[in-house]
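A look at the structure
The chain contents come next:
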Amino acid sequence: MADVADVSIELATEDDKHLPAYDHTYLSNICMCPTWGIIRYGQNKAMSEGGRAMALEAGSAAHEFFAAVRLLEVLDQGHTEHFDYHGKRIFGDGRWVAMRDFLELESVSLSKDTTDRLNFCLTALHTSGFYDDPRDKKRTLSSIEESCIAYFDKWPWGKRPVWIRNTEDPTTDIGVECAVHLVITYTLNDGTEFRLRYTGRADGLHHRSKTDSALVVHENKTGARIDKTWLDGMKMTHQITGYTAWATVFSGVPCDRAVVHGMVIPLPKSFDFGGILDEPIRRHEHHFHSWLEWILFGYQIDRQYIHNPLAAPKFTHSCTRYFRSCSFMPLCNSPREEQPDILHEMVIDEWDPLAESKA
Ligand code: SF4
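Attention in this report is confined to the structure presented alongside it.

Analysis parameters
- Residues numbered from 1 in each chain as written.
- Predicted model: local features only at pLDDT ≥ 70, side-chain atom pairs only at ≥ 80, totals over all residues.
- Heavy atoms only, no water.
- Buried < 20%, exposed > 50% of the residue type's maximum accessible area, 1.4 Å probe, protein only.
- Helix = DSSP H or I, 4+ residues; strand = E, 2+ residues; numbered from the N terminus.
- Arc of directions from axis to C-beta.
- Contact = heavy atoms within 4.5 Å.
- Disulfide = S-S within 2.5 Å.
- Expected span 1.5 Å × (residues − 1).
- Polar contact = N/O pair within 3.5 Å; in protein donor to acceptor, adjacent residues only side chain to side chain.
- Core = buried A, V, L, I, M, F, W, Y, C linked by side-chain atoms within 4.5 Å.
- Phe/Tyr/Trp six-rings, centres within 6.5 Å; stacked < 30°, edge-to-face > 60°.

Of the positions making up helix α5 (residues 93-100), those classed as buried are R95, W96, M99 and R100. For α5, the arc enclosing every buried residue in end-on projection is 130°, short of the 170-degree limit, so these residues lie on one face. Residues of α5 that are exposed and point more than 90 degrees away from the buried face comprise D93, G94 and V97. Each element contacted by the buried residues of α5 is listed here: α3 (54-76), α4 (80-91) and α6 (114-126).

Structure below.
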């Protein structure tokens, strides 16, 4: 990295909360259009008439199901106390009771019946708060459920043990729904130092197999279309690089492997992979260099414009990205003198990748 003499990465602590925080979404959106990224994710502002983000909501609901599947793995590994402790952490007491109900037996062992286990996971989905929108016929609770059932059927039960920091202590970290919270310090050649937090939420941290303890980050993705082009994007994405870097610092064990689980909503009838796809990904040193360069690039743009976002560059090639008009068009296309008032009237819509939203 030009001008950078040293970079250090460590786990964030309470004392680091004053440092500016960046996650993959924020940095990606700064790079998409600095005006958009800084106003939407740096200042958490949105246009008031914004409707529901159905793709995000459907993905978020499905992630509750994925977490329940991973917790069943922890149970199968024989760690019932970890299972209960982290079930309550992730879902909250009330939802956990409703989920756990499906596994309860009068005998000392918990149900191994596939239908009971599936119902346990589906309850996580059904209590996620997702509800149908009459304007979206594709992302419905029943279509998410259908995809999740296919995911459950295809999950390689018992083959990829969940990472557990300490098997004797149920309150210890396990590799299900992990907060990513790092401090990255850049020291430039002239001695200047930049410190920032890098945040996110990793879906899973597993061992490679029952006989290979190498760590593998698991990332779940949902989408309407998951194909080779999508996979190529996953092979390159800084998100995976960031998670493997985090896994190394978090666990104290080097991690350069990931698996991306893609799930199509609604489930396609004709795809040869049946709408559920696993893709192993490897990270090398150059990926980590690129990731660190990209973070520094986004950080410097953010610091320059965070208090004056209307002066940030406008990357107009992004105004109609994904075949839709950017919701900030009414702001950016207004006379310059009216823009401060429009910005002031925008609503706050908080984006917090560290938020525990499931309880
Ligand atoms: S309308 Fe265009 S210039 Fe304005 S924030 Fe959106 S993408 Fe950027």
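Right, let's get into the state of the cysteines. Within this structure, the stated rule accounts for 0 disulfides. Residue C121 stays outside any disulfide, its sulfur separated by 8.9 Å from that of C148, the closest cysteine. Looking at the unpaired C255, the closest cysteine sulfur is the one in C178, lying at 11 Å. The buried category is assigned to C255, whose relative accessible area is 4%.

Compared with an ideal rise of 1.5 Å per residue, which puts 13 residues at 18 Å, α6 spans 18 Å between its outermost C-alpha atoms and is within 8% of the ideal. Three or more residues of α6 are buried, namely R117, L118, F120, C121, L122, T123, A124 and L125. Taken together, the buried residues of α6 touch α3, α4, α5 and α7 (141-154). Capping the start of α6 is the job of one residue whose side-chain oxygen sits 3.0 Å from the backbone nitrogen of T115: D113.

The subject of this paragraph is unusual backbone geometry. Going from I265 to P266, the amide bond is cis rather than trans, its omega being -5°. Residue position: P266 is located in the loop between β7 (257-264) and β8 (276-282). The phi angle at N44 is positive, at roughly 55°, despite the residue not being glycine. When its relative accessible area of 10% is taken as the criterion, N44 is described as buried. At E177, a residue that is not glycine, the phi angle is positive and equals roughly 50°. Topologically, E177 is positioned in strand β4 (residues 176-188). Classification of E177 by relative accessible area gives buried; the value is 5%.

The next thing to look at is the nonpolar core. Ranked by size, the top nonpolar core spans 58 residues in total, and within it Y186, Y198, W246 and I295 carry the most contacts. The dominant element in this core, judged by the number of residues it contributes, is helix α10 (residues 285-305), at 8 residues. Listed in part, the 41 residues of the second largest apolar core include A62, L72, C148 and W155.

Let's shift gears to the packing of aromatic side chains. Counted by the stated rule, this structure contains 18 aromatic pairs. Geometrically, the ring pair formed by Y22 and Y299 is edge-to-face, given 5.7 Å between the ring centres and 75° between the ring planes. Linking Y22 in strand β2 (residues 21-23) with Y299 in helix α10, this pair joins segments that are 277 residues apart in sequence. Between W246 and F250 the ring centres are 4.8 Å apart and the planes differ by 25°, which places this aromatic pair in the stacked class. Here the residue W246 and the residue F250 both occupy positions in helix α9 (residues 238-251), the gap between them amounting to 4 residues, near one helical turn. F250 matches W246 in its accessibility class, with the two residues each being buried. Taken together through their ring pairs, the aromatic side chains of F65, F66, Y151, F152, W155 and W157 make up a single cluster.

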